[in-house]
Amino acid sequence: MQALKEKQAKSQQAEAGKREVITGSEAVLRCLVEEGVDTIFGYPGGAIMPIYDALYGYQDQLRHILVRHEQGATHAAQGYARVTGRPGVVFATSGPGATNLITGIADAQIDSTPMVCITGQVFSTLLGTDAFQETDVLGISMPVTKWNYQVTDVTELPAVMAKAFFIAKNGRPGPVLIDITKDVQQAKFEFSYKKCTSLRSYAPYPKPDKQAVQEAADLINNAKKPYILAGHGIMISGAQAEFKAFVEKAGIPVASTLLGLSAFPCDHPLYVGYLGMHGNYGPNVKTNECDVLIAIGMRFDDRVTGDLKAYAKQAKVIHIEIDPSEIDKNVKTAVAINADAKEALNALLPLVEAKRHDNWIAEFKECDKIEHEKVIQKAIHPTGDELNMSEVVHLISEMTGGEAIVVTDVGQHQMVTSRYYKYKVSDSNVTSGGLGTMGFALPAAMGSKIGQPNREVIAIIGDGGFQMTLQELGTIFQFNIGCKIVILNNSFLGMVRQWQQLFHEKRYSCTEMVNPDFVAIAKGFGLAADKVATRDKIKQALQTMLDHQGPYLLEVVVEKEENVFPMVPSGASVSNIRLE
């Protein structure tokens, strides 16, 4: 017995000898490496300086992108996450550094984007004393994070980091925030790391209920006018192939939400268009004519539903959704399948019958003819002297074959791009959906290009949104991030101006902009740039941009008062969509 105890003691001593004693700062970086992180977007400061000091020795394993504003770090991390499926990672210091992250964190939360934000904090002995650059970042971020935690004991750090990554990327993805006090960053401890694979209190992947799946299949098989709404959740779950197989077998027309764009090829014969306030005519009006409505990986946002009292009341609604809080929140379901989209579709696919719904699809095509005659033809082939946004986006779509990653800001240009860029490759639409954050596109394009360096990344931005984060041109220059930037300049806050025109008797209150020389600014940041304002030069200008090796900014002067139609007025029924 004594010999056994001595052997165990020696084994424990040997094991202890293998354990490394490192600082909390280095532990953070080791955890990132263990999680497969390759890129960090951040901005240093006093409270996070120990982590940055440790980062000096990890430059061969972790690439740090020094942004020009912490908000830019969050949007860049979002872009990276959206095109790779991996959590974007952000570093920021305490106080204003941490609070500058909040907009991007909120954006990531509502758009289900995985992100891990690591903030420095004052010494734990100073917490609650209003010390220099101390803010309650946990309290501030709690409503807009999936989970947050403050580390005041260095021995907790590896487990907290592992938990953060597990929560951020599993189930419905979202942002997490870890706040680390400065003394924890400096303290030493025996480091070991184990990835988190489960949490007792969290079941991220509920199994689809077999009875619900069967009931959904029965409704689909007996439907005369079934209709599918494709959401972002299809791409998050990696269910694109399963979704395509399901659609083609059941022969059901598909429309896409804003964030669902590119989940299904726009040139597919069963694709009928884009949903929402500025979506296509048919997809909106036919919502109130279908008999079975199948919503997959979407949350019935108000920009899709319009007036809920008049939304799809004739239809049996099937909702496939991983987040139980979204089911029956806005639209009451006949059948709810609380599950990951991929798993739900795999369960549903063998139960649905192979069918065609040619007469029903023909109704969408009739709507297409009406919209083409009254809206699209005039938009992409205008007769006026000035360029308009629609023709420029249509041309970009044709010149890139619908295969670029397109990053949009928020406003008219976003809606125009959603309508006229014809996505053929999945995970190609990066935009701010639920929060509608102006300033999103430029940093998100940086992150998208870093995440997918071999794909063409084009940021399409309005002149208003561009000026909110234009300082990130400095980041693009420093790291030679080869995204292309198209500013559609109408010298207005265009979407607000459109509402003022249509609903406020053209009282253009505080929406007209006197803009700087965007080309001079870009060149001041070391970027190649050009400006175009005439139809005879636009195609060559775009080709020059696309052919350029490295980042490029093209300012396109467009008609000042172009409106985006169709349009569902705020609070109106989707049946009341306006074509002009």
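Structure: above.
I will try to describe carefully the structure that is included in this document. Here the residue index of a chain counts from 1 through its sequence in written order. In view of the model being predicted, local features appear only for residues whose pLDDT reaches at least 70, and side-chain atom pairs are presented and counted only at 80 or more, with totals across whole chains, interfaces and linings using the full set of residues. Only hydrogens and water are set aside; all other atoms, that is, all heavy atoms of the structure, feed into the side-chain values.

### Some points on the overall build of the protein chain
Then, in step 1: Secondary structure follows DSSP: runs of H or I at least 4 residues long count as helices, runs of E at least 2 residues long count as strands, and numbering of each begins at the N terminus. Scanning the protein chain from terminus to terminus reveals 24 helices and 20 strands.
Then, in step 2: In terms of overall dimensions, the protein chain is globule-like: its C-alpha atoms have a radius of gyration of 26 Å, near the 25 Å expected for 580 residues.
Then, in step 3: Taken along the three principal axes of its C-alpha coordinates, the protein chain extends 90 × 65 × 45 Å.
Then, in step 4: Relative accessible area decides the class of each residue, using a 1.4 Å probe on protein chains only: under 20% of the type maximum gives buried, over 50% gives exposed, and in between gives partly exposed. When the 580 residues of the protein chain are sorted by exposure, 58% land in the buried category.
Then, in step 5: Pairs at least 24 apart in sequence give 76% of the contacts found in the protein chain among residues at least 6 apart.
Then, in step 6: Put simply, the protein chain shows about 23500 Å² of open surface, and 50% of that area lies on carbon and sulfur atoms. Radius of gyration: C-alpha atoms only; globule rule: 2.2 Å multiplied by the number of residues to the exponent 0.38. Residue contacts follow a heavy-atom distance rule, with two residues in contact if any of their heavy atoms lie within 4.5 Å. Residue-level accessible areas treat just the shown protein chains as cover; the underlying method is Shrake-Rupley with a 1.4 Å probe.

### Thoughts on the side chain of Asn 388
Then, in step 1: Following the sequence through the fold, Asn 388 ends up in the loop between α16 (358-380) and α17 (389-400).
Then, in step 2: Within polar-contact distance, the side chain of Asn 388 engages the backbone nitrogen of Glu 391 at 2.9 Å.
Then, in step 3: Once residues lying within four places of it in the same chain are set aside, the contact partners of Asn 388 are Lys 378, Ala 379, Pro 382, Val 558, Glu 559 and Glu 562. A 3.5 Å cut-off defines polar contacts: any pair of N or O atoms within that distance qualifies, except that in protein one atom must be a possible hydrogen donor and the other a possible acceptor, and neighbouring residues in sequence count only when both atoms are side-chain atoms.

### Focus on the packing of helix α4 (residues 70-84) against helix α19 (residues 441-451)
Then, in step 1: An axis is simply a line fitted to the C-alpha atoms; with a helix, the fit covers only the stretch in contact. Between two such axes, the angle follows the N-to-C directions and lies from 0 to 180 degrees. Relative orientation of the contacting elements α4 and α19 amounts to 40°, with a least axis distance of 6 Å. Looking at the two axes, α4 sits oblique to α19. In the crossing of α4 with α19, the sense of the turn from one axis to the other is right-handed. Where α4 abuts α19, its residues Gly 72, His 75, Ala 76, Gly 79, Tyr 80, Val 83 and Thr 84 lie against Pro 443, Ala 444, Met 446, Gly 447, Ser 448, Ile 450 and Gly 451.
Then, in step 2: Per-class residue counts for the contact of α4 with α19 are 7 nonpolar, 7 polar and no charged. Here is the rule for angles: anything less than 35 degrees is roughly parallel, anything more than 145 is roughly antiparallel, 65 through 115 is roughly perpendicular, and the remaining ranges are oblique. Left-handed describes a crossing whose near helix is turned anticlockwise from the far helix through less than a right angle; right-handed describes the clockwise counterpart. Ten residue types, Ala, Val, Leu, Ile, Met, Phe, Trp, Tyr, Cys and Pro, are classed as nonpolar, four, Asp, Glu, Lys and Arg, as charged, and the remainder, Gly among them, as polar.

### Concerning the sheet that holds strand β4 (residues 88-92)
Then, in step 1: The 6 strands lie next to each other as β3-β2-β4-β5-β7-β6, forming an open sheet whose pairing is parallel. A single partner strand is all that each edge strand has here, and the edge strands are β3 (63-66) and β6 (147-151). Across the sheet, the axes of successive neighbouring strands diverge by a mean angle of 20°, strand direction being ignored.
Then, in step 2: The pairing of β4 with strand β5 (residues 115-121) spans 5 bridges and is parallel. In the strand pairing of β5, Ala 92 is matched with Thr 119.
Then, in step 3: Sitting on the sheet, α4 is in contact with β2 (39-42), β4 and β5, with an inclination near 170° to β4. Pairing between two strands requires that DSSP report at least two bridges joining them.

### Description of unusual backbone geometry
Both trends apply: most residues other than glycine have a negative phi, and most peptide bonds are in trans.
Then, in step 1: In this model, Phe 565 is joined to Pro 566 through a cis peptide bond whose omega is 0°.
Then, in step 2: By secondary structure assignment, the location of Pro 566 is in the segment after β20 (552-557).
Then, in step 3: At Gln 133, a residue that is not glycine, the phi angle is positive and equals roughly 60°.
Then, in step 4: With respect to the helices, strands and loops of the structure, Gln 133 is situated in the loop between β5 and α7 (137-141).
Then, in step 5: By relative accessible area, Gln 133 is classed as partly exposed at 27%.
Then, in step 6: The phi dihedral of Cys 510 is positive, around 60°, even though this residue is not glycine.
Then, in step 7: Secondary-structure assignment places Cys 510 in the loop between α22 (494-503) and α23 (518-524).
Then, in step 8: According to the relative accessible area criterion, Cys 510 is exposed, its value standing at 74%.

### Quick look at the layout of surface pockets
Then, in step 1: Lining residues are those with an atom within 4 Å of a point, where the points come from a 1 Å grid over the protein atoms alone and group into cavities, where a 1.4 Å probe fits but cannot get out, or pockets, open sets with protein on both sides within 12 Å along at least five of seven lines. Grid points are joined across faces, edges and corners, and a volume is the space filled by probe spheres set on the points. Roughly 480 Å³ of internal volume is contained in the second largest pocket.
Then, in step 2: Taken together, the residues that form the lining of the second largest pocket break down as 12 nonpolar, 6 polar and 7 charged.

### Section: the pairing of strand β9 (residues 226-230)
It is a general feature of regular strands that their side chains alternate between the two faces of the sheet.
Then, in step 1: A large share of β9 lies buried, amounting to 5 of its 5 residues.
Then, in step 2: Residues Pro 226, Ile 228 and Ala 230 of β9 are buried on one face, and the alternating residues Tyr 227 and Leu 229, pointing to the opposite face, are buried as well.
Then, in step 3: Relative to strand β12 (residues 292-296), β9 runs parallel, the two sharing 5 bridges. Bridge pairing links Tyr 227 to Leu 293 in β12.
Then, in step 4: Direction of pairing for β9 relative to strand β10 (residues 254-256): parallel, over a ladder of 3 bridges. Each bridged residue has a counterpart across the sheet, and for Ile 228 the counterpart in β10 is Val 254.

### Section: the packing of aromatic side chains
Then, in step 1: Aromatic pairing here means that ring centres of Phe, Tyr or Trp (its six-membered ring) are within 6.5 Å. Orientation follows from the plane angle: under 30 degrees is stacked, over 60 is edge-to-face, and everything else is tilted. One pass over the full model with this rule turns up 14 aromatic pairs.
Then, in step 2: For the pair Phe 243 and Phe 264, a centre-to-centre distance of 5.5 Å together with 75° between the ring planes defines the contact as edge-to-face. Here Phe 243, found in helix α12 (residues 240-250), pairs with Phe 264, found in the loop between β10 and β11 (271-274); they are 21 residues apart in sequence, far enough to count as distant.
Then, in step 3: Arranged with centres 5.5 Å apart and planes meeting at 75°, the rings of Phe 492 and Tyr 508 form a pair that is edge-to-face. Of the two residues, Phe 492 is situated in the loop between β18 (484-489) and α22 and Tyr 508 in the loop between α22 and α23; the sequence distance between them amounts to 16 residues.
Then, in step 4: Taking relative accessible area as the criterion, Phe 492 reaches 4% and is therefore assigned buried.
Then, in step 5: Here Tyr 508 falls in the partly exposed class, since its relative accessible area comes to 24%.
Then, in step 6: Taken together, the ring pairs connect Phe 189, Phe 191 and Tyr 193 into an aromatic cluster.
Then, in step 7: Two thresholds decide whether a charge sits over a ring: the Lys NZ or Arg CZ must be within 6 Å of the ring centre and within 35 degrees of the ring normal. For the cation-ring pair, Arg 497 lies above Phe 492, with the distance from its terminal atom to the ring centre recorded as 5.8 Å.

### A short note on helix α10 (residues 210-222)
Then, in step 1: Here, expected helix span is obtained from the residue count minus one, scaled by 1.5 Å. Here α10 is 13 residues long and its end C-alpha atoms lie 18 Å apart, about the 18 Å a rise of 1.5 Å per residue gives.
Then, in step 2: Those residues of α10 that fall on the buried side of the exposure criterion are Ala 212, Val 213, Ala 216, Ala 217, Ile 220 and Asn 221. Each buried residue of α10 lies within a common arc of 170° when the element is viewed along its axis, so the set occupies one face. Turned more than 90 degrees from where α10 packs its buried face, Gln 211 and Asn 222 sit exposed.
Then, in step 3: Elements that come into contact with the buried residues of α10 comprise α12, β12, β13 (316-321), β14 (335-338) and α15 (341-348).
Then, in step 4: One side-chain oxygen at the N-terminal end of α10 lies 3.1 Å from the backbone nitrogen of Gln 211; it belongs to Asp 209. It is the directions from the helix axis to the C-beta atoms whose arc is reported.

### Topic: the sheet that holds strand β15 (residues 405-408)
Sheets are built from strands paired through backbone hydrogen bonds, the pairs being either parallel or antiparallel.
Then, in step 1: If you trace the 6 strands from one edge of the open sheet to the other, you get β16-β15-β17-β18-β20-β19, paired in parallel fashion. Two strands lie at the open edges of the sheet, namely β16 (429-430) and β19 (528-532), each paired on one side alone.
Then, in step 2: Where β15 and β16 come together, 2 bridges link them in parallel fashion. Note on β16: the bridge partner recorded for Val 406 is Asn 429.
Then, in step 3: Each of β15, β16, β17 (457-462) and β18 touches α19; the most contacted strand, β17, lies at about 175° to it.

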